[in-house]
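Close look at the chain arrangement
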Amino acid sequence: MNLKTVAVLPGDGIGPEVLDAALPVIEALGLPVDLEFGDIGWECWRTEGTPVPDRTWDLIGRSDAVLLGATTTKPRREALAELAPELRGQAPQYVSPIIQLRQRLDLFANLRPVENYLGGGTPYRFCVVRENTEGLYAGLDWDHVPDGMWPLVADHPNACRSGRPGSTASIRLQTAHGLDRILRFAFDTARDHGYGRVTLADKPNVLRQSSAYVLGRLEAIAADYPEIPFEVLNVDAVALWMARRPEQFGVIVAENMFGDILSDLGGGVMGGLGLAPSANIGEHGNYFEPVHGSAPSMAGRGRANPAAAFLTIGLMLEHLGFADEAGSIQDAVRHVTRRRDRVTYDLGGTATTGEAAQAVIDACREVPHTPTAAVITIGDELLRGDLEDSNAGNASRMLGERGIPVRVRHTIGDDEATIADAVRACIGRDDVVVVMGGLGPTSDDVTRSAVARALGRPLEHWEEAWQGVVERLTRFGVAIHDDNRRQALFAEGADLLPNPHGTAWGCRTEAQGSTVIMLPGPPRECLPMLEMVLRDGLPHLPKRPEVTTVFRRTLGIIEADAAALVDQLVADSGAPVRPAYRWHYPYVDIRLGCPPEAADELAKRLDTALADHIVTGRDRTAVQELATLLDQHGLVLDLDDRLTGDVFATELARERDITDGTATLHATVSGTWQTGDRTTYTGTVALTCTVRDKTDERTYRLTVPNRGPEVTTCFTQFAAWSVARHLTGRHHTRTEEPA
Ligand code: IPM
Ligand code: MN
């Protein structure tokens, strides 16, 4: 593939920081693209009297694509005030650099795609195709009506009262040339990108003449695309429906000003301008820019969402012929925004621009995808507390064992709208959505209609399920009621899940990359059904979890210190790792989710960094580990315990399988209260444990906070850990010394 040159113009405000964060994706994808940086924007205006200097025009002229960060545009008065004094005399006119680019390069089409990147809710995917060179942006705009135009205006009663100097005017210029090419572009976009329809957003109910003309052009052009349905709607109605039912649109084509407004609304529908990309395209040039603008108040704070910049780079790459890589970027953004774990504040996260960008770049490199699940349990009885919600826990465990950890659990009463909302919020976000309960024959069982509502599909009668109900009720000699018919209703397109232990069948269906599984409530019915679904496998999930977890249990280090050490180690390792910490006294557990091939190296680093604190790599206590070791060696422990009373001995005995042994190991455990004492919860306790066998004696030491009576738990685990270390010869710590 031949090398492409991209002119990168970071510009003002947050422009430089979002591009800085997102541009490394081009290298990560290994694309033959050469980046050349140039100047544009407010600084150029202030110091050179033009926001787009000649050298930048030269750069643009020799590039295959132009990538813009953002530029600041200020009203006329401020623009002049900020100009360098020596330039003021020349009285230059400030013209927004992007308007200059559009006009000088004749970039007639402004493409602004809108998609449900956040997941949840109804899926939608449409784009605004905005005319970029004429309409109200044609430059025919006067602070008072020009002489020649006055006769046309003078009859208007308000103009009559205000006079010519008191009346302004702008012309919405639309031409056959301008209209035909933008309309053609709209239909081409629909055809090439699989959008279902073309909607012209205009104002035929008021701008009756010009709109009629535009409609005529639309009909003429549409004749060349007989397979694509089209319509014309009033722009205000398009705004309403875009907010209410975005899924009904495909390509929305509009003149410049209407398109400007509608595309911001599109950004809002998506969840904010932080996600909105744009492409400005002409016959002989282009530029690509996030819609968000320069946001001066946010600049330099590392808060801006880089997603729009990534999606913009995606549009640019597609234009340059790298459609597959553009697709990976979109997938990566979708992945990261749906999970919301490494996103910026506008999406409810705490990540900085750089961290959020790294998440997207990691996802482009195909970081193993950890699937997630949502479990929704339904029934008023659960909310009242009449019934223990055991299904939620059991489903979590079953999903977790299959490598699909549960991200969220909801418990909801028998309320259709609330259930539908909860299901909707998980569709497209979690790989598996399990809904349990509320499938009975009575009118308070509303789960099936709620799920259908969330899926946006009608309920249908399924004869197969009905025969199942009839057969079962007949077998048990139970009367069949009309109400039972409800139990044969399932959302259109679902796959039924027969219930071997009851009349309430379940179903599963795919929606926006999620598998939605609906099951009855009784545990002995739903758990085997879930087991069956999970055993059969789910289409979009890896056969085996592609994430390995490195687990270490540590003692004698506080969670924050451990986390600081590990976070640094993870950053240094360069591998995409997800650390998780759990404190359960006296232990801090560290779990590092990582790609299988990175696990060994990571474990090695972790073991080195935390050598003084790692008790075990298994989910077991030191006492449990010691019991196993003593059993294996056939050892009896002769304990001189001045520290735990007989807590240690008792706990150890409880874990041991054998009671006698062939040899004896001596251990002495003691502790010294340093600043506090045994009764107040202050200061620290210095622990020692001396272990002696025939050949060797070693003392292990640890200092821990004095947490009052609770501290005995810590002593016990410390003592067990010390003896275990002695037995396994792991003497590489600073806290022990040879005799
Ligand atoms: C946009 C912007 C510009 C426009 C401004 C900054 C001139 O709002 O790209 O949508 O109105 O076109
Ligand atoms: Mn705008």
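Scroll up to find the structure.
Description of the structure in this document. (Residues numbered from 1 in each chain as written. Chains lettered and ligands numbered in written order. Predicted model: local features only at pLDDT ≥ 70, side-chain atom pairs only at ≥ 80, totals over all residues. Heavy atoms only, no water.)

1. Some words on the packing of aromatic side chains
Taken as a whole and judged by the stated rule, the model has nine aromatic pairs. Judged by centre distance (6.3 Å) and plane angle (45°), the ring pair of Tyr124 and Phe126 falls under tilted. With respect to class, Tyr124 is no different from Phe126; both count as buried. With centroids separated by 5.0 Å and ring planes inclined at 15°, the aromatic side chains of Phe187 and Tyr225 adopt a geometry described as stacked. Of this pair, Phe187 sits in helix 10 (residues 176-193) while Tyr225 sits in the loop between helix 11 (208-222) and strand 9 (230-234); the two residues are 38 residues apart in sequence, bridging distant segments of the chain. Side by side, Phe187 and Tyr225 carry an identical accessibility label, which is buried. Residue placement shows Arg104 over the ring face of Trp57; its charged tip is 3.9 Å from the ring centre. (Phe/Tyr/Trp six-rings, centres within 6.5 Å; stacked < 30°, edge-to-face > 60°. Buried < 20%, exposed > 50% of the residue type's maximum accessible area, 1.4 Å probe, protein only. Helix = DSSP H or I, 4+ residues; strand = E, 2+ residues; numbered from the N terminus. Lys NZ or Arg CZ within 6 Å of the ring centre and 35° of its normal.)

2. Brief notes about the sheet that holds strand 24 (residues 614-616)
Within the open sheet, the four strands sit side by side as 22-23-21-24. Their pairing is antiparallel. Edge positions in the sheet fall to strand 22 (578-584) and strand 24, since each of these pairs with one other strand and no more. Each neighbouring strand pair of the sheet contributes to a mean axis angle of 35°, computed without reference to strand direction. Bridge analysis of strand 21 (residues 548-555) against strand 23 (residues 587-594) gives eight bridges, and the strand direction is antiparallel. Along strand 23, the bridge assignment pairs Arg552 with Ile590. Across the sheet, helix 23 (residues 559-573) is in contact with strand 22 and strand 23; its angle to strand 22 comes to roughly 165°. Each of strand 21, strand 23 and strand 24 touches helix 27 (residues 711-728); the most contacted strand, strand 21, lies at about 110° to it. (Pairing = 2+ DSSP bridges. Axes fitted to C-alpha atoms, helices over the stretch in contact; angles between N-to-C directions. Contact = heavy atoms within 4.5 Å.)

3. Examining the site of ligand 1
Near ligand 1, the surroundings consist of Ile98, Ile99, Arg102, Arg112, Arg130, Tyr137 and Asp260. For ligand 1, an oxygen atom lies 2.7 Å from a polar atom in the side chain of Arg102. Within the side chain of Arg112, an N or O atom sits 2.8 Å from an oxygen atom of ligand 1. Out of a free accessible area of 320 Å², ligand 1 has 71% covered by protein chains. When residues of the shell around ligand 1 are assigned to their parent elements, the largest contribution, three residues, is made by helix 7 (residues 97-104). In terms of residue class, the shell around ligand 1 is built from three nonpolar, no polar and four charged. (Near = heavy atom within 4 Å. Polar contact = N/O pair within 3.5 Å; in protein donor to acceptor, adjacent residues only side chain to side chain. Areas by Shrake-Rupley, 256 points an atom, 1.4 Å probe, with all protein chains shown as cover. Nonpolar A, V, L, I, M, F, W, Y, C, P; charged D, E, K, R; others polar.)

Function cannot be read off these values alone, since they describe shape.
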